[in-house]
Amino acid sequence: SPLASPQETLMGKYGEEAKLIYELQDQGGELLALRYDLTVPFARYLAMNKITNMKRYHVAKVYRRDNPAMTRGRYREFYQCDFDIAGQFDPMIPDAECLKIVHEILSDLQLGDFLIKVNDRRILNGVFAVCGIPESKFIPTCSTVDKLDKMPWEEVRSEMVGEKGLSPEAADHIGEYVQLHGGLDLIERLLQDPKLSQNKLAKEGLGDMKLLFEYLTLFGITGKISFDLSLARGLDYYTGVIFEAVLLQQENDHVEEPASVGSVAGGGRYDGLVGMFDPKGRKVPCVGVSIGIERIFSILEQRVKASGEKVRTTETQVLVATPQKHLLAARLKLISELWDAGIKAEMLYKKDPKLLKQLQYCEDMGIPLAAIVGEQELTDGVVKLRDVATREEVRM
């Protein structure tokens, strides 16, 4: 999908986050915007091509007019890796697979301890309804609840009352619910809740959540998953299950709740988005997840720095080297043969480099082998292959 879309394509889908959309104006004066994520362009692609069934991943750049914080992996231009399943399927089977994939990726990257928080927009909306919030205030209330991971309940409550115009009683009532988190036991408890069980939306959401946890148990991953009522995800397009993966920082063993390092992946179900772009309003249910690559890189970089280990930045297998002057031609001929044979080879871009300099370069770059051709080797028709680490040499 293209980087720039007509502005109206992106508007009205991101809630309060819309202020981070990068707006452009082309030379004809048409209002454009850079993509904010890969989800809205994907939905538009499905609608334009009349695709009703698709499973895909996509790694690409997205843009946000945010305040960058390099240390935390927050940029204005950054990569996301998305995985989505589009199509009409039985409830929670694709959703469970998305969570399985996030679990697998975060485990394989060995980023340390992580937690995947799961909730459902229908449960949240049900909570808001039983707390007496008018439907017109569901989305703004949702984006305030979404700040609970960054600020304490008192501040969230005062924003609800002061800025969003909720009554103090309603805010307190919401607080009783959104501070809950657990697993199947909590889902069972809420299904018995006299108020929530009367709400059609919440009941549906909780029923699906129970199903989801049963599937996640079969996948064997519930140990890292928490049903968390404070999870709201500020974007408007989510319609059902929502999830977010956070890394936990184990400061020491005395801490009750490990501190979170922030979100590295997020996603959810967006069943209405494709319909917005379809001229006939045909809906395609979708669920997907987005992984923040820079966030993960910044954590991996910090880890490498702390451990002091060296990371190879190239995959070069061999450096072509010469011990005397006037042998550039021999190096060019040999490296060309190696490249043609599919071997990853390098040489120094100097006419007459010193041998010591060339071997030092191998050590610095972690190149394991040096192929040395001097006058003697040329006469004998051989190449001297040197193991940089052990300094052993063989003539070939």
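All of these numbers come straight from a predicted model, not from anything done at the bench.

1. Topic: the sheet that holds strand 14 (residues 369–372)
So, step 1. Strand order in the open sheet formed by five strands is 13-12-14-15-16, with mixed pairing between adjacent strands. The open sheet has two edge strands, strand 13 (345–346) and strand 16 (393–395), and neither has a second partner.
So, step 2. Bridge count for strand 12 (residues 318–321) against strand 13 is two bridges, and the pairing is parallel. The residue of strand 13 that forms the bridge with Val318 is Ala345.
So, step 3. Across the sheet, helix 12 (residues 328–340) lies against strand 12, strand 13 and strand 14, angled at about 155 degrees from strand 12, the strand it touches most.

2. Some remarks on the domain arrangement of the protein chain
So, step 1. Domain annotation of the protein chain identifies domain 1 (4–307) and domain 2 (318–395).
So, step 2. Spacing between the C-alpha centres of domain 1 and domain 2 amounts to 53 Å.

3. Digging into the packing of helix 4 (residues 121–130) against helix 9 (residues 200–219)
The relative placement of two packed helices comes down to the angle between their axes together with the axis-to-axis distance.
So, step 1. Between helix 4 and helix 9, the least distance of the axes is 7 Å, while the angle of their chain directions is 145 degrees. Crossing handedness for the pair helix 4 and helix 9: left-handed. Together, Arg122, Ile123, Asn125 and Gly126 of helix 4 and Leu201, Ala202, Glu204, Gly205, Leu206, Asp208 and Met209 of helix 9 make up the contact between the two elements.
So, step 2. Of the residues contributing to the contact of helix 4 with helix 9, the split by class is five nonpolar, three polar and three charged.

4. Section: the UniProt feature "binding site: L-histidine" (unreviewed entry) in the protein chain
So, step 1. With numbering matched to this structure, UniProt assigns "binding site: L-histidine" (unreviewed entry) to Asp37, Leu38, Thr39, Arg64, Gln80, Asp84, Arg233, Tyr237 and Tyr238.
So, step 2. Positionally, Thr39 belongs in helix 2 (residues 39–48).
So, step 3. A residue is classified by how much of its surface remains accessible, and Thr39, at 8% relative accessible area, is buried.
So, step 4. In this structure, Thr39 is in contact with Asp82, Tyr237, Tyr270 and Leu273, ignoring residues within four places of it in sequence.
So, step 5. Tracing the sequence through the fold places Arg233 in the loop between strand 8 (225–228) and strand 9 (241–249).
So, step 6. The residues touching Arg233, leaving out its near neighbours within four places in the chain, are Arg121, Asp146, Tyr238, Ile242, Phe243, Glu244, Gly266 and Gly267.

5. Side note on helix 12
So, step 1. Taking 1.5 Å per residue as the helical rise, helix 12 with its 13 residues ought to reach 18 Å, and the 18 Å between its terminal C-alpha atoms agrees with that figure.
So, step 2. Turning to helix 12, its buried residues are Ala330, Arg331, Leu334, Ile335 and Leu338. The buried residues of helix 12 occupy one face: seen down the axis, they fall within an arc of 120 degrees. Those residues of helix 12 that are exposed and aimed more than 90 degrees away from the buried face are Ala329, Lys333, Glu337, Trp339 and Asp340.
So, step 3. Check the buried side of helix 12 and you find it contacts strand 12, strand 13, helix 13 (355–365), strand 14 and helix 14 (375–380).
So, step 4. Looking one or two places after helix 12, you find Gly342, whose phi comes out positive at around 80 degrees.

6. Thoughts on the sheet that holds strand 1 (residues 4–6)
So, step 1. If you walk across this open sheet you meet the three strands as 1-3-2, and the pairing is antiparallel. Of all strands in the sheet, those with a lone pairing partner are strand 1 and strand 2 (23–25), marking the two edges. Recorded for the sheet is a direction-independent mean angle of 40 degrees between the axes of neighbouring strands.
So, step 2. As defined by bridge partners, strand 1 adjoins strand 3 (residues 31–34) across three bridges and the pair is classed as antiparallel. By the bridge assignment, Ala4 is partnered in strand 3 with Leu34.

7. Focus on the packing of helix 4 against helix 7 (residues 168–178)
So, step 1. Following both chains from N to C, one finds helix 4 and helix 7 inclined at 145 degrees, their axes separated by 9 Å at the closest point. In terms of crossing hand, the pair formed by helix 4 and helix 7 is right-handed. Contact with helix 4, carried on its side by Leu124, Val127, Phe128 and Val130, involves His173, Ile174, Tyr177 and Val178 of helix 7 and no other residues of that element.
So, step 2. Looking at the contact of helix 4 with helix 7 residue by residue, the classes come out as seven nonpolar, one polar and no charged.

8. Overview of a positive patch on the surface
So, step 1. Where like charges cluster on the molecular surface, the positive patch consists of Lys325, Lys350, Lys354 and Lys357.
So, step 2. Note on placement: Lys325 falls in the loop between strand 12 and helix 12.
So, step 3. By relative accessible area, Lys325 is classed as exposed at 54%.

9. Thoughts on the pattern of salt bridges
So, step 1. One pass over the structure, following the stated rule, counts 23 salt bridges.
So, step 2. A salt bridge links Glu315 to Lys344; the nearest nitrogen and oxygen atoms lie 2.6 Å apart. Taken together, the residues Glu315 in the loop between helix 11 (293–307) and strand 12 and Lys344 in the loop between helix 12 and strand 13 connect sequence positions 29 residues apart.
So, step 3. Given a relative accessible area of 57%, Glu315 falls into the exposed group.
So, step 4. Taken together, the shared-partner salt bridges connect Asp120, Arg122, Lys200, Glu204 and Asp208 into one network.

10. So, helix 11
So, step 1. Helix length check: helix 11 (15 residues) gives 21 Å between terminal C-alpha atoms against 21 Å at 1.5 Å per residue, within 8%.
So, step 2. When helix 11 is considered as a whole, its buried residues turn out to be Glu294, Ile296, Ser298 and Ile299.
So, step 3. Downstream of helix 11 by a residue or two, Gly308 has a phi angle that is positive, lying close to 75 degrees.

Parameters and conventions
Residues numbered from 1 in each chain as written. Predicted model: local features only at pLDDT ≥ 70, side-chain atom pairs only at ≥ 80, totals over all residues. Heavy atoms only, no water. Pairing = 2+ DSSP bridges. Helix = DSSP H or I, 4+ residues; strand = E, 2+ residues; numbered from the N terminus. Contact = heavy atoms within 4.5 Å. Axes fitted to C-alpha atoms, helices over the stretch in contact; angles between N-to-C directions. Domains from an automatic or database assignment. Left-handed = near helix turned anticlockwise from the far one by under 90°. Nonpolar A, V, L, I, M, F, W, Y, C, P; charged D, E, K, R; others polar. UniProt positions renumbered as here; feature names shortened; annotations may be inferred. Buried < 20%, exposed > 50% of the residue type's maximum accessible area, 1.4 Å probe, protein only. Expected span 1.5 Å × (residues − 1). Arc of directions from axis to C-beta. Patch = residues over 30% accessible without salt bridge, like charges linked within 9 Å, V, L, I, M, F, W, Y side chains within 5 Å. Areas by Shrake-Rupley, 256 points an atom, 1.4 Å probe, with all protein chains shown as cover. Salt bridge = Lys/Arg side-chain N within 4 Å of Asp/Glu carboxyl O. Lys, Arg positive; Asp, Glu negative; His and termini not counted. Charge placed at Lys NZ, Arg CZ, Asp CG, Glu CD.

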